[in-house]
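# Examining the three-dimensional arrangement
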Amino acid sequence: MSKKGEKFELSIEKMAKDINYEKPEYPNSLVDEAEYIKIDNTLSNAVALTNAGTTLVREEALPDLLAENRKDTRYIVDNKIPDSQKIIINSERYIKSGAVLSETHTRSEEHPDAEKRAKNSYVSQSLVNISKSVETKAQKSDYEGFAKKEEKKLGKIRKRKYNINNDEITGEPLKGNGDFHHVNKKTLYPDPVQRLNPDKGKLVNRKTHMDIHKNNINDEKALANYIEEQRKMK
């Protein structure tokens, strides 16, 4: 997935048109069949499967997928979708499917226009089905196998990159290569790129690592507070 010594980056493996996924049933008869077919065609060229087994949606396709005009879609992208959910690959702007799914699901239940609710419902189920496809699951499995091996190297990479000889939390001498601790717990902040980024963690001793988890330090802010408390105790 990446050459030795290179930082892991997302890339596009295939588009939805090359994924065999189950098309959802039409939500109701308020929308002509031709409109659902149009959505299928948009999805086929807008949803991308990455090398991490995640799916992305081309930003330029959002007006059709949200059943919204471009002006209001721009507002949604700029104000309702966090920057952490936006990705650029080969100069193309994408949104993580989870963020799009959250928006379409809300619109499918709460939008005042019945036709737009139906269209957003169809898009929501389509995105779910793409993520459940055999191809997507296989790519995710490949990534997990790769990631588990690469994670074991993060401590050595960080130690060598920054010439670290002390526990980055306590300042005590580092025992061996130490443990690599993700500053944002990977199960609560699942991001395939950050998971394998040596700059998104701290090198600590095993005792420190165990204490961090014992105290439920789950994110960067909490870790900063923990570090401050540890320094006050010295």
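Since the structure is predicted, the reported quantities are computational estimates derived from the model, not experimental observations. (Residues numbered from 1 in each chain as written. Predicted model: local features only at pLDDT ≥ 70, side-chain atom pairs only at ≥ 80, totals over all residues. Heavy atoms only, no water.)

The next point concerns helix α3 (residues 70–79). The α-helix advances 3.6 residues per turn, and as a result positions three or four apart in sequence lie on the same side. Of all the positions in α3, only Thr73, Ile76 and Val77 are classed as buried. Angularly, the buried residues of α3 cover 95 degrees about the axis, an arc narrow enough to put them on a single face. Within α3, the exposed residues directed more than 90 degrees away from the buried face are Lys71, Tyr75 and Asn79. Buried-residue contacts for α3 involve α2 (62–66), β4 (86–89) and α4 (97–110). Where α3 begins, the side chain of Asn69 points an oxygen toward the backbone nitrogen of Lys71, at a separation of 3.2 Å. (Buried < 20%, exposed > 50% of the residue type's maximum accessible area, 1.4 Å probe, protein only. Helix = DSSP H or I, 4+ residues; strand = E, 2+ residues; numbered from the N terminus. Arc of directions from axis to C-beta. Contact = heavy atoms within 4.5 Å. Polar contact = N/O pair within 3.5 Å; in protein donor to acceptor, adjacent residues only side chain to side chain.)

Relative to the assigned elements, Asp211 resides in helix α9 (residues 206–214). In the structure, Asp211 is positioned 140 residues away from Lys71 in sequence and 49 Å away in space, judged by C-alpha atoms. For Asp211, the contacting residues outside a window of four places in its chain are Tyr226 and Gln230. There is a polar contact of 2.5 Å between the side chain of Asp211 and the side chain of Tyr226.

Formed by 26 residues in total, the largest nonpolar core has its most connected members in Ile39, Leu43, Val47, Val57, Leu62, Leu65 and Leu127. Looking at this core, the elements that each hand over two or more residues are α1 (33–46), β2 (47–50), α2, α3, α4 and α5 (114–131). By residue number, the principal contributor to this core is α5, which donates 5 residues. Beyond its immediate chain neighbours, meaning those up to four positions away, Leu127 contacts Leu43, Val47, Val57, Ser97, Val100 and Leu101. Counting 13 residues, the second largest nonpolar core, distinct from the first, contains Ala52, Ile87, Tyr143 and Phe146. (Core = buried A, V, L, I, M, F, W, Y, C linked by side-chain atoms within 4.5 Å.)

Taken residue by residue, helix α7 (residues 154–162) has Leu154, Gly155 and Arg158 as its buried positions. Considered in projection along α7, the buried side chains sweep an arc of 100 degrees and stay on one side of the axis. Looking at the buried positions of α7, the neighbouring elements they touch are α6 (134–151), β6 (179–182), α8 (192–195) and β7 (201–204). Residue Asn163 follows α7 closely and has a positive phi angle near 50 degrees.

Attention now moves to the sheet that holds strand β1 (residues 12–15). Two strands in a sheet stick together by hydrogen bonds in their backbones, pointing the same way (parallel) or opposite ways (antiparallel). The 5 strands lie next to each other as β1-β2-β3-β5-β4, forming an open sheet whose pairing is antiparallel. Since the sheet does not close on itself, it has two edges, and those belong to β1 and β4, each with one partner. Between one strand axis and the next, the sheet turns by 40 degrees as a mean value, whatever way the strands run. Inspection of the sheet shows strand β3 (residues 55–58) paired to strand β5 (residues 92–96) by 3 bridges, in the antiparallel sense. Across the sheet, the residue bridging to Leu56 is Lys96, located in β5. (Pairing = 2+ DSSP bridges. Axes fitted to C-alpha atoms, helices over the stretch in contact; angles between N-to-C directions.)

Turning to the pairing of β6, a few remarks are in order. Taking every second residue as pointing to the same face, both faces of β6 are buried, with Asp179 and His181 on one and Phe180 and His182 on the other. Where β6 and β7 come together, 4 bridges link them in antiparallel fashion. Bridge pairing in β7 places His182 opposite Gly201.

Right, let's talk about the packing of aromatic side chains for a bit. For the coordinates displayed, the defined rule picks out 5 aromatic pairs. Measuring from centroid to centroid gives 5.6 Å for Phe8 and Tyr143, while their planes differ by 45 degrees, and the two rings are tilted. You can see Phe8 sitting in the segment before β1 and its partner Tyr143 sitting in helix α6, a full 135 residues away along the chain. For the pair shown, Phe8 and Tyr143 are each scored as buried. Ring centres of Tyr26 and Tyr122 lie 5.8 Å apart, and the angle between their planes is 55 degrees; on these two criteria the pair is classed as tilted. (Phe/Tyr/Trp six-rings, centres within 6.5 Å; stacked < 30°, edge-to-face > 60°.)

This structure, assessed with the given rule, holds 18 salt bridges. Notably, a salt bridge pairs Arg195 with Glu144, separated by 3.0 Å at the nearest N-O pair. Of this pair, Arg195 sits in helix α8 while Glu144 sits in helix α6; the two residues are 51 residues apart in sequence, bridging distant segments of the chain. For Glu144, a relative accessible area of 26% puts it in the partly exposed group. If you follow the salt bridges from partner to partner, you end up with Glu59, Arg74, Asp78 and Arg93 in one network. (Salt bridge = Lys/Arg side-chain N within 4 Å of Asp/Glu carboxyl O.)

Take it as geometry only, folks, not as evidence of what the structure does.
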